[in-house]
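Geometric and topological summary
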Amino acid sequence: MSNARLLPAAALLFAACATSTPPPSPRPAPAPTLPSDAEQFRTTLEETWQIIAARENRVVTPPTVDFEAAASIPIPEHRSIQSALELFTKGLRDSIQTSLHRSAKYRKMIDRALDEEDLPRGLAYLPVIESAYTLALTSRAGAHGMWQFMPDTAREYGLRVDWWIDERADPEKSTRAAASYLKDLYRQFEDWPLALAAYNCGPGRVRRTLASTGATSFWQLLERSALPRETRGYVPTFFATLLIASDPQAHGFTLDAAIQPAEDSVDVDGPVTLGYLADVAGVAETTLREMNPSLRRGVVPPGGARVRMPAAAVRQVAARAASLKNEDPDVAFCSFTVRKGDTIAKLARALDAPADTIAAMNGLSSKAELRTGRSIYLPVRARELGALLRHGGDRAVFYTVRKGDTIYSIAQRHQLTVAELRELNSLERDATIHPGRKLRVSPARGVTAGGM
């Protein structure tokens, strides 16, 4: 089990240890209160640390403590929370510490989104038990991203989830969607433990369970084992995380100060590959891919997208953002105007591509009828499309170029001369081939009717 996905195992353990002997219903512990002048309190605390350190003749950096998180949500007293805290401080210490370190990059952004929705800042630590702030994480159930949205819920809250883009992996957009969702859940239940349970297993499940059991709180549902085991552990783990964030040193952790990454974004017309965009920006392609995990194909899709990149690289890209799609030689997608008689199945056969891929990249079902004159996108380079469609009716055979292939080795493998291979694919003498490109490797036996 990946350390990034802490919840399932922890949830099962906490649920098991929380359902033996029913204790009295928990009572909310009073929320830590901040002084009227919180900034002055921080300053005083830091000065106190420096005085203590001076007595020891050494400088000590005061620990980061998230006062706002500590004060934002009352933490109930329940043995399941203490069980979670014990496991986090022992068996899962390294994973929790890694997650807390990773949170520093996102907490400023998350706090802004929570403030806009008038939500408790303590919710900024919910990703600790959801994803460990890992943007590209996908659960076995299909939840994805930092906030682990399921596709339908993501779309309901305005996130784009399709063949090209999955905004569940976009940190800022998914955070705003999560804040809206959490606000709606709190409006329904008027109780954070129940709202968090609903975030995990769905509000309908929580409402039905409350109605069928007559319970009025999450903790009563926990004691009766009325919710899924994962959910019964999920809520205690969140409150254990909040206890750690509110006083990390007391539990043997450190919390880094929140930072603002030195990055910016620019709108880019697509399609254009992140590889080409990286060349223009003067950064590594891996950097752009890591900063833009929502671009599922490593391509800015048709219609364009906002691309994150190091702030210093934005200027180089911004001036050419509208024209890059016409310059990128490696875009493996092109637009196509549907002709009379064209179907997804016929186009798939001609291009030697899965029909499901053509359908998905155009937001269609694989059996959808294509309207003549409609513009769609196909998974092929524009320079190859004409030849593929011309020879699509003669059961042409195509070969997908692999790493290490040369024009000579491909020609030999398919009993062709280099000249024949070049002619079949309209290759110039100085043309280079890249892995993933499809080359026709069977001689033409006829030409089908129909033009571009």
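What you see is a predicted model, and the numbers here were worked out from it, not measured in a lab.

**Quick word on the overall build of the chain**
- Helix and strand counts for the chain stand at 21 helices and eight strands.
- The buried share of the chain, taken over its 452 residues, is 48%.
- Here the analysis covers contacts within the chain between residues at least 6 apart in sequence; of these, 68% occur between residues at least 24 apart.
- Counting only carbon and sulfur atoms, one obtains 50% of the accessible surface of the chain, whose full area is about 22,200 Å².

**A word on helix 4 (residues 79–89)**
- Within helix 4, the full set of buried residues consists of Ser80, Ile81, Ala84, Leu85, Phe88 and Thr89. On an axial view of helix 4, the arc spanned by its buried residues comes to 165°, and they lie on one face.

**Comments concerning the packing of aromatic side chains**
- Evaluated as defined, the whole model comprises twelve aromatic pairs.
- Pairing Trp164 with Phe333 gives two aromatic rings, centres 5.0 Å apart and planes at 65°, and the pair type is edge-to-face. Residue Trp164 is located in the loop between helix 8 (151–156) and helix 9 (171–189), and its partner Phe333 is located in the loop between helix 16 (314–318) and strand 5 (334–337); the two are separated by 169 residues in the primary sequence.
- Taken together, a centroid distance of 5.0 Å and an interplanar angle of 80° make the contact between Phe218 and Trp219 edge-to-face.
- Trp219 sits in the buried class, given a relative accessible area of 7%.
- Site record: aromatic cluster; members linked through ring pairs are Phe149, Tyr157, Tyr181 and Tyr199.
- Looking at Arg93, its charged tip hangs above the ring of Phe253, at a distance of 5.0 Å from the centre.

**Section: helix 17 (residues 344–351)**
- Of the residues making up helix 17, those classed as buried are Ile344, Leu347, Ala348, Ala350 and Leu351. Looking down the long axis of helix 17, one finds its buried residues gathered within 165° of arc, a one-sided arrangement.
- Residues of helix 17 that are buried make contact with strand 5, helix 18 (355–361), strand 6 (375–378), helix 19 (382–390), strand 7 (398–400) and strand 8 (438–440).
- Directly after helix 17, the chain includes Asp352, whose backbone phi takes a positive value near 55°.

**A closer look at the pattern of salt bridges**
- Under the defined criterion, the tally for this structure stands at 21 salt bridges.
- Between Arg187 and Asp184 there is a salt bridge, with the nearest N and O atoms lying 3.2 Å from each other. Remark: Asp184 and Arg187 occur in helix 9; sequence separation between them is three residues, near one turn of the helix.
- On the basis of relative accessible area, Arg187 is assigned to the exposed category, the value being 54%.

**Brief notes about the packing of helix 9 against helix 10 (residues 192–201)**
- One can describe the packing of helix 9 onto helix 10 by two numbers: an axis separation of 8 Å at closest approach and a directional angle of 125°. Here helix 10 runs oblique to helix 9, going by the angle between their axes. Here helix 9 runs over helix 10; the crossing is right-handed. In contact with Ala178, Tyr181, Leu182, Leu185, Tyr186 and Phe189 of helix 9, helix 10 contributes Trp192, Leu194, Ala195, Ala198 and Tyr199.
- Looking at the contact of helix 9 with helix 10, its residues break down into eleven nonpolar, no polar and no charged.

**Side note on the confidence of the model for the chain**
- Residues at a pLDDT of 70 or more form 81% of the chain, whose mean pLDDT is 84.
- Scored below 50 in pLDDT, residues 1–9 makes 22 contacts in the model with residues more than four places away or belonging to other chains.
- Between residues 49–60, whose pLDDT stays under 50, and residues either more than four places distant or in other chains, the model counts ten contacts.

**With respect to unusual backbone geometry**
- The linkage connecting Gly270 with the following residue, Pro271, adopts the cis geometry, with an omega of 5°.
- The phi angle at Ala132 is positive, at roughly 55°, despite the residue not being glycine.
- In this structure, Ala132 sits in the loop between helix 7 (126–130) and helix 8.
- We classify Ala132 as buried; its relative accessible area is 4%.

**Re the environment of Ala240**
- Of note, Ala240 is situated in helix 13 (residues 229–246).
- You can call Ala240 buried: its relative accessible area is 0%.
- Spatially, the C-alpha atom of Ala240 lies 7.1 Å from that of Gln82, the residues being 158 residues apart in sequence.
- Filtering out sequence-adjacent residues up to four positions away, Ala240 remains in contact with Ile81, Ala84, Leu85 and Phe88.

**Quick look at the environment of Leu378**
- Relative to the helices and strands, Leu378 is located in strand 6.
- Classification of Leu378 as buried rests on a relative accessible area of 0%.
- The contacts of Leu378, once residues within four sequence positions are left out, are Ala332, Phe333, Cys334, Phe336, Leu347, Leu351, Ile358, Met361 and Leu385.

**So, the side chain of Thr175**
- Here Thr175 is to be found in helix 9.
- Looking at Thr175, the relative accessible area reads 2%, which means it is buried.
- Discounting residues that sit within four places of it in the chain, Thr175 has contacts with Met109, Ile110, Ala113, Met146, Trp147 and Asp170.

**A short note on the packing of helix 4 against helix 13**
- Packing of helix 4 against helix 13 brings their axes to within 8 Å, and their N-to-C directions diverge by 60°. With respect to each other, helix 4 and helix 13 are oriented oblique. Remark: the crossing between helix 4 and helix 13 carries right-handed chirality. For the pair formed by helix 4 and helix 13, the contact residues are Ser80, Ile81, Gln82, Ala84, Leu85 and Phe88 on the first element and Pro236, Thr237, Phe239, Ala240, Thr241, Leu243 and Ile244 on the second.
- Classifying every residue of the contact of helix 4 with helix 13 gives nine nonpolar, four polar and no charged.

**Description of the environment of Phe239**
- Position of Phe239 among the secondary structure elements: in helix 13.
- Classification of Phe239 by relative accessible area gives buried; the value is 0%.
- Separated by 165 residues in sequence, Phe239 and Pro74 have C-alpha atoms that sit 9.1 Å apart.
- For Phe239, the residues in contact, after removing those within four places along its chain, are Ile73, Pro74, Ile75, Pro76, Ile81, Pro193, Leu196 and Trp219.

Cut-off values and rules
Residues numbered from 1 in each chain as written. Predicted model: local features only at pLDDT ≥ 70, side-chain atom pairs only at ≥ 80, totals over all residues. Heavy atoms only, no water. Helix = DSSP H or I, 4+ residues; strand = E, 2+ residues; numbered from the N terminus. Buried < 20%, exposed > 50% of the residue type's maximum accessible area, 1.4 Å probe, protein only. Contact = heavy atoms within 4.5 Å. Areas by Shrake-Rupley, 256 points an atom, 1.4 Å probe, with all protein chains shown as cover. Arc of directions from axis to C-beta. Phe/Tyr/Trp six-rings, centres within 6.5 Å; stacked < 30°, edge-to-face > 60°. Lys NZ or Arg CZ within 6 Å of the ring centre and 35° of its normal. Salt bridge = Lys/Arg side-chain N within 4 Å of Asp/Glu carboxyl O. Axes fitted to C-alpha atoms, helices over the stretch in contact; angles between N-to-C directions. Parallel < 35°, antiparallel > 145°, perpendicular 65-115°, else oblique. Left-handed = near helix turned anticlockwise from the far one by under 90°. Nonpolar A, V, L, I, M, F, W, Y, C, P; charged D, E, K, R; others polar. pLDDT = per-residue confidence, 0-100.

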